[in-house]
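# Structure at a glance
Given next are the chains, with one letter for each unit.
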Amino acid sequence: GDQGGEDMGEGEERELIPIDRVGSHLSPITGTIRCPSSPCMVTLCFDNHYSWFSSKVLSYTVTLLPPSPLVSLRSHAKKLEAYATNASIDVKEAEGRIDKVKGIVDGLGKEIIAMERELEKKKNALLKAQTESTYLVNRVSFRKQQRSGVLQRLARVKNDLVAMEKEEKEEEEARRAAETTTNLTSEQTPGRGNKAAKVGTQEVKRGEI
């Protein structure tokens, strides 16, 4: 019998004749399949699962007949209508999202502007921090050199101070020794009677020293 006939969409697959058991061993099976659309691909499947213990020899003849101009034109018109319908649906969906997408774009644009301003502030802060860091590094290096020079000068001053204190102490001891000698000399007077006493006094003084 005549099978098929309904139009199909692009990429659609459809079973035109359900798999069924037929008495092909009794008489030839004939029929006509009208392609749902043009162009299309029709796959013929033969199944022997009802008697898979017995092999079969299959013989078939397929004749392709081109559709009439009227059928082709109707098929083409239906395809165009389907494309137009799909395009209208797509346009409607796109128009429904335009306002939403515009809102997203506006919001993201404002966020980007705010982020760019914040980024500019961060860049300025970074430049300021880098400048201060360079200044501090140079300052530390300079102060370390200055401290090293001051410590060297301080060491020399301390050495000079120790030497001067030592020299002053030696001079003080020498001065005291000279004063003691002068005092002993000034206490001596000329005369024979007092010679023994003077000598004794000098010995006592020396003992005290």
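Conventions we followed
Residues numbered from 1 in each chain as written. Predicted model: local features only at pLDDT ≥ 70, side-chain atom pairs only at ≥ 80, totals over all residues. Heavy atoms only, no water. Helix = DSSP H or I, 4+ residues; strand = E, 2+ residues; numbered from the N terminus. Buried < 20%, exposed > 50% of the residue type's maximum accessible area, 1.4 Å probe, protein only. Contact = heavy atoms within 4.5 Å. Areas by Shrake-Rupley, 256 points an atom, 1.4 Å probe, with all protein chains shown as cover. Salt bridge = Lys/Arg side-chain N within 4 Å of Asp/Glu carboxyl O. Patch = residues over 30% accessible without salt bridge, like charges linked within 9 Å, V, L, I, M, F, W, Y side chains within 5 Å. pLDDT = per-residue confidence, 0-100. Lys, Arg positive; Asp, Glu negative; His and termini not counted. Charge placed at Lys NZ, Arg CZ, Asp CG, Glu CD.

### Some remarks on the overall build of the protein chain
When helices and strands are tallied, the protein chain shows two helices and two strands. Scanning the protein chain from its N terminus toward the C terminus, one meets helices and strands in the order β-β-α-α. Scored against the burial criterion, the 209 residues of the protein chain give a buried share of 3%. Taking the contacts inside the protein chain whose residues are at least 6 apart along the sequence as the reference set, 49% of them involve residues at least 24 apart. Just so you have it, the protein chain exposes about 19400 Å², and 57% of that area is on carbon and sulfur atoms.

### A few points about the pattern of salt bridges
For the structure on display, the rule yields four salt bridges. With a closest N to O distance of 4.0 Å, Glu118 and Lys122 form a salt bridge. One end of the pair, Glu118, and the other, Lys122, are both in helix 1 (residues 69–187), four residues apart, so they sit about a helical turn from each other. We classify Glu118 as partly exposed; its relative accessible area is 40%. We classify Lys122 as exposed; its relative accessible area is 52%.

### Focus: a nonpolar patch on the surface
Together, Ile17, Ile33, Val42, Leu44, Phe46, Leu58, Tyr60, Val62 and Leu64 make up an exposed nonpolar region whose accessible area comes to about 900 Å². You can see Leu58 is positioned in the loop between strand 2 (32–34) and helix 1.

### A look at the confidence of the model for the protein chain
Do not read the fine detail of predicted coordinates wherever pLDDT is low. Mean pLDDT over the protein chain works out to 80, with 81% of the residues at or above the 70 mark. Confidence, expressed as mean pLDDT per element, reaches its minimum in the protein chain at helix 2 (residues 195–208) with 44 and its maximum at helix 1 with 90. Every residue in residues 191–209 is under pLDDT 50, and counting partners more than four places away or in other chains gives nine contacts.

### Brief notes about a negative patch on the surface
A cluster of acidic residues, Glu165, Glu167, Glu168, Glu170, Glu171 and Glu173, forms a negative patch at the surface. Along the chain, the position of Glu167 falls in helix 1.

### Remarks on the environment of Asp20
With respect to the helices and strands, the residue Asp20 is situated in the loop between strand 1 (2–4) and strand 2. Separated by 27 residues in the primary sequence, Asp20 and Asp47 have C-alpha atoms spaced 9.0 Å apart.

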